[in-house]
Amino acid sequence: MQLYALGLNHHTAPLNIRERVAFQPERLDDALHNLTHARTVREAAILSTCNRTELYFATEQPQHAADWLANFHQLSLKEVSPYLYTYPQRDAIRHVFRVASGLDSMVLGEPQILGQVKDAARRAEEAGTMGTLLHKLFQNTFAVAKEVRSTTAIGANIVSMAAAAVHLSERIFERISDQRVLFIGAGEMVELCAAHFAGATPREMVVANRTEARAQVVASRFGAQVMRLDAIGDVLAQFDIVVSCTASPLPIVGLGMVERAIKARRHKPMVMVDLAVPRDIEAEVGALDDVFLYTVDDLAQVVDAGLESRQQAVIEAEEIINSRVDGFLHWMQARDAVPTIKALRQHAEMLRTVELERASRLLAKGEDPHKVLDALSHGLINKLMHGPTRFLNQSEGEHQADVARLVQQLFNLNSHD
């Protein structure tokens, strides 16, 4: 029985395909039972997120898992097979280690995936589809992810524009939680920025947009307020941080508007982040003493520095993962040897019992104890050496040297200790 990982992700499949093979949380238990009841799959766990659907399982016939995945979602295998990958044993172990460590994520090093892998393991445990092999695999996976995060900088640097906006604001204000934030626009970039700023729990967040309904959609997600775009000039002074990204062909925030706001703020600093191209905020605003204006190019420099640092962390993380893969494979190989070790010990115990019973009978008859013990030891040696000796004698040709080396290694015959 071998370990496998099978699935698809944002690298291999477009969103419309990923959506069709995703598992709804309420169906996950049924899916796990259904998969393992297919006989050929002994153990299984399912990881299903917006970016990936993956099966981790133990079997002798991995193709059955691909058939099952397509059938469960009422698809033909032909529809999904171009997007699927299957990793056997070593590659499967390495893959799950990399996934949990954030090395296979859309945003390199993002921490959320570890929690999702832990949840997948928990659901499999609760469903009773997690055997010894997968249980040990996930134990090692969590330990590897922890080691990668604690000994490398994989998650320590800024790798998105939204995160960079928060980072640059934190350079000016000691605590974002004391500040008021205004978002101009309601597109994807503003939404991402709002999500990052919301994590720092600012004092207030307001979304200004030409279409109030769209602004309300973004605002409702983060507990923010909504205002009209044409009212910005009247209230700009109330905000400490302004993040703008619209599709306007002309600047929305002009130099005069900001000068009036700074005067009303009695020259309290203001951070302005302009992510629009063309610009939403007039370039001359950056020359004001109390305004810290950052453009998309400024944020890109922060992101590039973060990515460069994370790439070095990836090299370090891969070294850790490769080492831990070898360790887990060694455990699996040792586990595979257990039946043979058990059989060998049982065989030796049987030989010992036979010789001990013979010695006991002789002693009961009054035989010399010294001679009985000598016969016992010779009898044990002859029986234990019979197998290896016959193995050596029966070997022929080019295999003879290999057999000799194997026996020498087995009995440590070359040791000088």
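Just above sits the structure.
Let me sum up the structure you'll find in this document. (Residues numbered from 1 in each chain as written. Predicted model: local features only at pLDDT ≥ 70, side-chain atom pairs only at ≥ 80, totals over all residues. Heavy atoms only, no water.)

Scanning the entire structure with this criterion turns up 23 salt bridges. Residue Glu 355 pairs with Arg 358 through a salt bridge whose shortest N-O separation is 3.5 Å. Placement of both Glu 355 and Arg 358 in helix α13 (residues 296-364) is noted, with a separation of three residues, approximately one turn of the helix. Here Arg 358 falls in the partly exposed class, since its relative accessible area comes to 39%. One continuous salt-bridge network, built from bridges that share partners, spans Arg 52, Glu 54, Arg 94, Arg 98, Asp 104 and Glu 318. (Salt bridge = Lys/Arg side-chain N within 4 Å of Asp/Glu carboxyl O. Helix = DSSP H or I, 4+ residues; strand = E, 2+ residues; numbered from the N terminus. Buried < 20%, exposed > 50% of the residue type's maximum accessible area, 1.4 Å probe, protein only.)

With respect to topology, six strands assemble into an open sheet ordered β7-β6-β5-β8-β9-β10, the strand pairing being parallel. The open sheet has two edge strands with one neighbour each: β7 (225-228) and β10 (291-295). Ignoring which end each strand starts from, the neighbouring axes of this sheet average 20° apart. Pairing geometry for strand β9 (residues 270-274) and β10, over five bridges, is parallel. Paired with Met 270 across the strands is Val 291, a residue of β10. (Pairing = 2+ DSSP bridges. Axes fitted to C-alpha atoms, helices over the stretch in contact; angles between N-to-C directions.)

Time to look at the packing of aromatic side chains. The description of an aromatic ring pair uses the distance of the two centres, along with the angle that the planes make with each other. With the rule as written, the count across this model stands at nine aromatic pairs. With a centroid separation of 5.8 Å and an interplanar angle of 20°, the aromatic rings of Tyr 4 and Phe 57 are classed as stacked. Residue Tyr 4 is located in strand β1 (residues 2-9), and its partner Phe 57 is located in strand β3 (residues 52-59); the two are separated by 53 residues in the primary sequence. Residue class for Tyr 4 comes out buried when judged on its relative accessible area of 13%. (Phe/Tyr/Trp six-rings, centres within 6.5 Å; stacked < 30°, edge-to-face > 60°.)

Remember that the coordinates give geometry; whether it matters functionally is a separate question.
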